[in-house]
Amino acid sequence: MRTEVSKVLREAILRAFSEFSEAELPGPEALEIPPDSNLGDFAFPCFRLSKALRMGPPMIAQKLAEAVDAPEVATAQSVGGYLNFFLNRKNFAGIVLQNIQETGDRYGGAPDCEKTVVLDYSSINIAKRFHIGHLSTTVLGHSLKRIYAHLGWQTVGINHLGDWGTQFGKMIAAFKHWGSWEMVEEGGVDALTALYVRFHQEAEENPALEDEGRAWFRRIEEGDEEALSIFDRFKELTLKDAKRVYDILGVSFDSYNGEAFYNDKMGRVIDELKARNLLVESKGALVVDLEAYKMPPCLIVKSDGATLYATRDLAAALWRKDNYHFDKSLYVVAYQQNLHFQQVFKVLELMGYDWAKEQMEHVAFGMVSYEGQAMSTRQGNIIYLDELLKRAQEQALSIIREKSPKLENPGEVAAQVGVGAVVFTTLLNNRIKDIDFWWDRALNFDGDTGPYVQYTHARCCSVLRRADAASAAPSLEALTNDEAQAVLRMLSRFPEAVRAAQRDNEPSEVTRVTLELAKAFNKYYYEHRILDEDPEATAARLALVRAVKQVIALGLYLIGVAAPEAM
RNA sequence: GCGCCUGUAGCUCAGCCGGAUAGAGCAUCGGCCUUCUAAGCCGAGGGUCAGGGGUUCGAAUCCCUUCAGGCGCGCCA
């Protein structure tokens, strides 16, 4: 609609003033949405033309208002230097509803754009239980994957496993001393963590353990059969635990190639760095000096000859480029690693990979604390994700028992609502914001929450179930009231929100627009009866309800939240 | 010390590629269920947009600076 109004504006300017050439005319982005819909549907601030025309903005607006002549626009008014456009309401309703009806669940999407995006997200560490600190990367990455796919991208989701490092040698040493398969199979990831904790306790008394740990890790590096078979079991256990959570969240990956996968792929990185004279020795280690870019050096090889995190990330970037031919590569990782990624991207650039500058992006997000405290396993103030999801589902179930005792599938819906509440909240705000977790907030299902939006969807479904199958020709006159128009406006803004979400790698754009749509609909629903004795008007209102239901479901899908038909 | 990020209502935040009286939700108080789902709707109170300068017709938004908080800064990942 914006582009249509923009065209009307450009025509009006040409008609009213001879000073401008086509190229100088303002584009669609010059149109604003007024703070209050009583002022109009779109506005053009005339201040910017003032200098060129040597005329006061109100006068310009007045002249333009007189020159506007198009069926899309009902009226145009000059108010305080703004030219305010009021849309032809019936026309607007028709365009929006038809567009949604025709595109269906591809609304706001785009056809195959022949581009590929690689998303590195979730990226769990072996032997660590899934907690709320892992939630942001997991749901952000998952949502971005869906948003890009919606806009026609090929997507590759990678769980870059943290499965490399001395700590795994220590874990095997601990397992050999105090562990058993029975204990580990039964206790799962918690048992592995406990072994690791015990290792550190005992190592304080007995420093020789540290050497044992290092020796075991060396055996992993060298491909020793026993070491690898133990470690692979640890991996399996961790993945089994994580997959339970992924299943609940509906999250999946195309690859689980983690750090260990790149163990034999780092030679190339070091060779290329050497060939370009980028590697310099410093305190026994090999580094890439980045002083010219005001960054500390990037460590590539330790003084003992071992590689580092950055080395593996460089290898991974090159491998992914070779194998996926990505046009964009996103790292959904907390902002603590800001410097790390800046360094890695810069090193790639220095290696001659020009694409690094444009295509690599660190999608950083804030940290999670728990009631104002940093989470720590040792102090026991850590929220495990399965506990959170379980309590959220219990909360949902108890509300269902109270409010919808006749619901056919309460367990299933409680799961959708409980999980939806958690995911929705995580994707509501700008990702860069830190999150302080509070139980009472997490379990609140009123207001700006997932359940609120899901409830609105269920309401739509409920009305549609009660509607007669017989369809009259819709009379769009029934959708010209303020509340219906507000709903239509939100529907029409959905596509731009999806594009903004992709542009900024910010799923909250989708979360917000979906929430605003739900709000607008609930207001409409309260003010206007949908099913009544006038078949044409009812048909139009039902078309609106159908569109709202569809777009809410789509919005929720794009952020990875289920849309129950009843709740 | 240097770098990055954040600072908007009691709390959590939106608005930040400049525009009209700064918006939500939670919490508090008060209304609305014999009508399509009250997990809903409506109303009230609550603000030196951290402080100070600057640019501009116009600044929460851009620039400079101070303050406060978070994160990072070589052999962990």
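1. With respect to the sheet that holds strand S13 (residues 435-437)
Now for step 1: Here we have three strands laid out as an open sheet, ordered S12-S11-S13, and mixed in their pairing. Each end of this open sheet is capped by a strand with a single partner; those strands are strand S12 (373-374) and S13.
Now for step 2: Bridge count between strand S11 (residues 368-370) and S13: three bridges; the pairing is parallel. Paired with Val-368 across the strands is Ile-435, a residue of S13.

2. Section: the pattern of salt bridges
Now for step 1: According to the stated counting rule, one finds 29 salt bridges in the structure shown.
Now for step 2: We note a salt bridge from Lys-90 to Glu-477, for which the minimum N-O separation is 3.7 Å. Of this pair, Lys-90 sits in helix H4 (residues 89-103) while Glu-477 sits in the loop between helix H17 (450-466) and helix H18 (482-503); the two residues are 387 residues apart in sequence, bridging distant segments of the chain.
Now for step 3: By relative accessible area, Glu-477 is classed as partly exposed at 46%.

3. With respect to the environment of Trp-355
Now for step 1: Turning to its location among the elements, Trp-355 is positioned in helix H13 (residues 355-359).
Now for step 2: In this structure, the C-alpha to C-alpha distance between Trp-355 and Phe-326, residues 29 residues apart in sequence, is 9.9 Å.
Now for step 3: Residues contacting Trp-355, with those up to four places away along its chain left out, are Ala-317, Leu-318, Lys-321, Phe-326, Leu-348 and Met-360.

4. Quick look at H18
Now for step 1: Taking 1.5 Å per residue as the helical rise, H18 with its 22 residues ought to reach 32 Å, and the 32 Å between its terminal C-alpha atoms agrees with that figure.
Now for step 2: Its maximal kink placed at Phe-494, H18 deviates by approximately 35°, while the proline Pro-495 follows within four residues.
Now for step 3: Remark: Asn-505 follows H18 within two positions and exhibits a positive phi of approximately 50°.

5. Focus on the nonpolar core
Now for step 1: Counting 121 residues, the largest nonpolar core has Phe-44, Leu-64, Leu-83, Phe-85, Leu-491 and Leu-544 as the members making the most contacts within it.
Now for step 2: Looking at this core, the element that brings in the most residues is helix H20 (residues 535-558), giving 13 residues.
Now for step 3: With sequence-adjacent residues up to four places away left out, Leu-64 is seen in contact with Leu-9, Ala-12, Ile-13, Ala-16, Phe-17, Phe-44, Cys-46 and Leu-83.
Now for step 4: Of all hydrophobic cores here, the second largest spans 35 residues; its members include Ile-158, Ala-310, Phe-326 and Trp-355.

6. What to know about the protein's contact with RNA strand B
Now for step 1: Around RNA strand B lies a shell of 65 residues, among which Tyr-82, Glu-259, Lys-302, Lys-403 and Tyr-455 are the nearest.
Now for step 2: A share of 63% is what sugar and phosphate atoms reach among the atoms of RNA strand B within 4 Å of the protein.
Now for step 3: At 2.6 Å, a side-chain N or O of Asn-429 approaches a sugar or linking oxygen of RNA strand B.
Now for step 4: Within the side chain of Asn-430, one N or O atom sits 3.0 Å away from a phosphate oxygen of RNA strand B.
Now for step 5: Secondary structure elements with two or more residues in the surface near RNA strand B: helix H2 (47-53), strand S3 (82-87), strand S7 (285-288), helix H11 (309-324), helix H12 (338-350), helix H14 (385-403), H17 and helix H19 (508-527).
Now for step 6: At eight residues, the largest contribution of residues to the surface near RNA strand B is made by H17.
Now for step 7: A per-class count over the surface near RNA strand B returns 32 nonpolar, 13 polar and 20 charged.

7. Regarding the pairing of strand S9 (residues 328-334)
Now for step 1: Judged by how many residues are buried, S9 sits mostly within the fold: seven of seven residues are covered.
Now for step 2: One ladder, built from six bridges, connects S9 with strand S10 (residues 360-365); its direction is parallel. For Ala-334, the partnering residue across the bridge sits in S10 and is Phe-365.

8. Some thoughts on the pairing of strand S2 (residues 73-79)
Now for step 1: Looking at chain direction, S2 and S3 are connected through six bridges and run antiparallel. Within S3, the position partnered with Val-79 by the bridge is Tyr-82.
Now for step 2: A loop of two residues connects S2 with S3, the two strands running antiparallel in sequence, and Gly-80 in this loop sits at a positive phi of about 55°.

9. What about the confidence of the model for chain A?
Now for step 1: The share of residues in chain A with pLDDT of 70 or more is 100%, and the mean pLDDT across the chain is 94.
Now for step 2: At the level of chain-chain contacts, confidence expressed as ipTM amounts to 0.96, with global pTM at 0.96.

10. Description of the sheet that holds S3
Now for step 1: Strand order in the open sheet formed by three strands is S1-S3-S2, and the pairing between neighbours is antiparallel. In the strand order of this sheet, the two ends are held by strand S1 (42-45) and S2, each with one partner. Each adjacent strand pair in this sheet contributes to an overall mean axis angle of 20°, direction not counted.
Now for step 2: Packed onto the sheet, helix H3 (residues 57-67) meets S1, S2 and S3 and runs at close to 160° relative to S2.

About the thresholds
- Residues numbered from 1 in each chain as written.
- Chains lettered and ligands numbered in written order.
- Predicted model: local features only at pLDDT ≥ 70, side-chain atom pairs only at ≥ 80, totals over all residues.
- Heavy atoms only, no water.
- Pairing = 2+ DSSP bridges.
- Helix = DSSP H or I, 4+ residues; strand = E, 2+ residues; numbered from the N terminus.
- Salt bridge = Lys/Arg side-chain N within 4 Å of Asp/Glu carboxyl O.
- Buried < 20%, exposed > 50% of the residue type's maximum accessible area, 1.4 Å probe, protein only.
- Contact = heavy atoms within 4.5 Å.
- Expected span 1.5 Å × (residues − 1).
- Bend = angle between axes of the 7 residues up to and from the residue.
- Core = buried A, V, L, I, M, F, W, Y, C linked by side-chain atoms within 4.5 Å.
- Near = heavy atom within 4 Å.
- Polar contact = N/O pair within 3.5 Å; in protein donor to acceptor, adjacent residues only side chain to side chain.
- Nonpolar A, V, L, I, M, F, W, Y, C, P; charged D, E, K, R; others polar.
- pLDDT = per-residue confidence, 0-100.
- Axes fitted to C-alpha atoms, helices over the stretch in contact; angles between N-to-C directions.

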